[in-house]
Amino acid sequence: KNYIENKVIIITGGGGSIGSELTKQIYSYQPKKLILLENNEFNLYKIINEIELHDKKNNLFPCLISLNDNEQIKNIFEQHKPEIIFHAAAYKHVPILETNIISAVKNNIFSSINLINLSIKYKVKDFILISSDKAVRPTNIMGASKRLSELIIQAFQARTRSSIFSMVRFGNVLGSSGSVVPKFFKQIQSGGPITITDKRVTRFFMTIHEAVNLVIKSSIISKGGEVFVLDMGDPIKIIDLAKKMALLSGKTIKNKYNRNGD
């Protein structure tokens, strides 16, 4: 509360799965202004309705905008003078970004550079990048774009003392857009099959509420340039998750031992 109360805060991707939870938690600590930057109109509409349904203090500023529109972003910085930025906006669906590399680079890397430059210019106190565990030894475009964003932030941190830049990495959050859990549930409900990319794939999981709470705590303790890694417990094999979900839904797995399975 001490960290957020009466501060001017920007959340990028404020209507996304992580961004909307950040919005809800931060709003509850009574910031002076909470500015949401979002390029998806429906996501922005949803989060505004959700917040204003319970509480309307006239301190929520929704902005339908692309982070690559440097002039418009600059005007927002000029007008509101933000003190803390949570940069959650990113393209994150691994297979889609494999075939849309230019969009991945523009949205995940160039937008970060724009925000970093403006943060230094307008003396933003804290800048927190929401990164990913896929940035560790990346094997795909999504992970590589996040890792490059981390390296850029650390390079800028070495050149400035006026702003504190930090990064938080975590894995899959339950219920986020594109999460495998609702996808499997839908496949099970429709009678299968359950589709798994590779039986060797493992993932870490945690709830959105828990992840966002730890993101905020990480930003409070940051001294500059750190990569915080959330403890997500042990990795889960995706094939085991799929089997458990099927069994918990009252289904049986069709295999050579069970020819009549669902």
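Here, every reference points to the structure presented above.
Residues numbered from 1 in each chain as written. Predicted model: local features only at pLDDT ≥ 70, side-chain atom pairs only at ≥ 80, totals over all residues. Heavy atoms only, no water.

Draft legend 1. Inspection of the environment of I220 at higher detail. Here I220 is to be found in helix 8 (residues 208–221). Taking C-alpha positions, I220 is 24 Å from L148, a pair spaced 72 residues apart along the chain. (Helix = DSSP H or I, 4+ residues; strand = E, 2+ residues; numbered from the N terminus.)

Draft legend 2. Structural context of the sheet that holds strand 10 (residues 227–229). Overall, parallel pairing links the 7 strands, which are arranged 3-2-1-4-5-6-10 in an open sheet. The sheet is open, and its two borders are formed by strand 3 (60–64) and strand 10, each paired with just one other strand. Averaged over neighbouring strand pairs, the angle between their axes works out to 15° when direction is ignored. By the bridge criterion, 3 bridges tie strand 6 (residues 164–169) to strand 10 in an arrangement that is parallel. (Pairing = 2+ DSSP bridges. Axes fitted to C-alpha atoms, helices over the stretch in contact; angles between N-to-C directions.)

Draft legend 3. Expanded view of the side chain of S222. Within the fold, S222 resides in the loop between helix 8 and strand 10. Reaching out from S222, the side chain makes a polar contact with the side chain of E226 at a distance of 2.8 Å. In this view, S222 contacts I164, F165, S166 and F228; residues no more than four positions away in its chain are not counted. (Polar contact = N/O pair within 3.5 Å; in protein donor to acceptor, adjacent residues only side chain to side chain. Contact = heavy atoms within 4.5 Å.)

Draft legend 4. Region of the structure containing the packing of aromatic side chains. Under the defined criterion, the tally for this structure stands at 3 aromatic pairs. Ring geometry for F42 versus Y45: centroids 6.2 Å apart, planes at 25°, classification stacked. In this pair, F42 and Y45 both sit in helix 2 (residues 41–54), 3 residues apart, roughly one turn of the helix. Measuring from centroid to centroid gives 5.9 Å for F77 and Y122, while their planes differ by 45°, and the two rings are tilted. In this pair, F77 is assigned in helix 3 (residues 70–80) and Y122 in the loop between helix 5 (101–121) and strand 5 (126–130), connecting sequence segments 45 residues apart. Its guanidinium or amino end placed over the ring of F61, K33 lies 5.7 Å from that ring's centre, counting from NZ or CZ. In this structure, R159 packs its charged tip against the face of F156, placed 4.8 Å from the ring centre. (Phe/Tyr/Trp six-rings, centres within 6.5 Å; stacked < 30°, edge-to-face > 60°. Lys NZ or Arg CZ within 6 Å of the ring centre and 35° of its normal.)

Draft legend 5. Geometry of unusual backbone geometry. Cis geometry marks the peptide bond from G192 to P193; its omega dihedral reads 0°. Residue placement: P193 occurs in the loop between helix 7 (180–189) and strand 8 (202–203). Even without a glycine there, the phi angle at N6 is positive, about 65°. Among the secondary structure elements, N6 is positioned in the segment before strand 1 (8–12). Judged by its relative accessible area of 53%, N6 is exposed. The backbone of K123 shows a phi angle near 55°, a positive value even though the residue is not glycine. Within the secondary structure, K123 is located in the loop between helix 5 and strand 5. (Buried < 20%, exposed > 50% of the residue type's maximum accessible area, 1.4 Å probe, protein only.)

Draft legend 6. Looking closely at the pattern of salt bridges. With the rule as written, the count across this model stands at 8 salt bridges. A salt bridge links R169 to E150; its shortest N-O distance comes to 2.7 Å. Of the two residues, R169 sits in strand 6 while E150 sits in helix 6 (residues 141–157), which places them 19 residues apart along the sequence. Both residues of the pair, R169 and E150, belong to the buried class. (Salt bridge = Lys/Arg side-chain N within 4 Å of Asp/Glu carboxyl O.)

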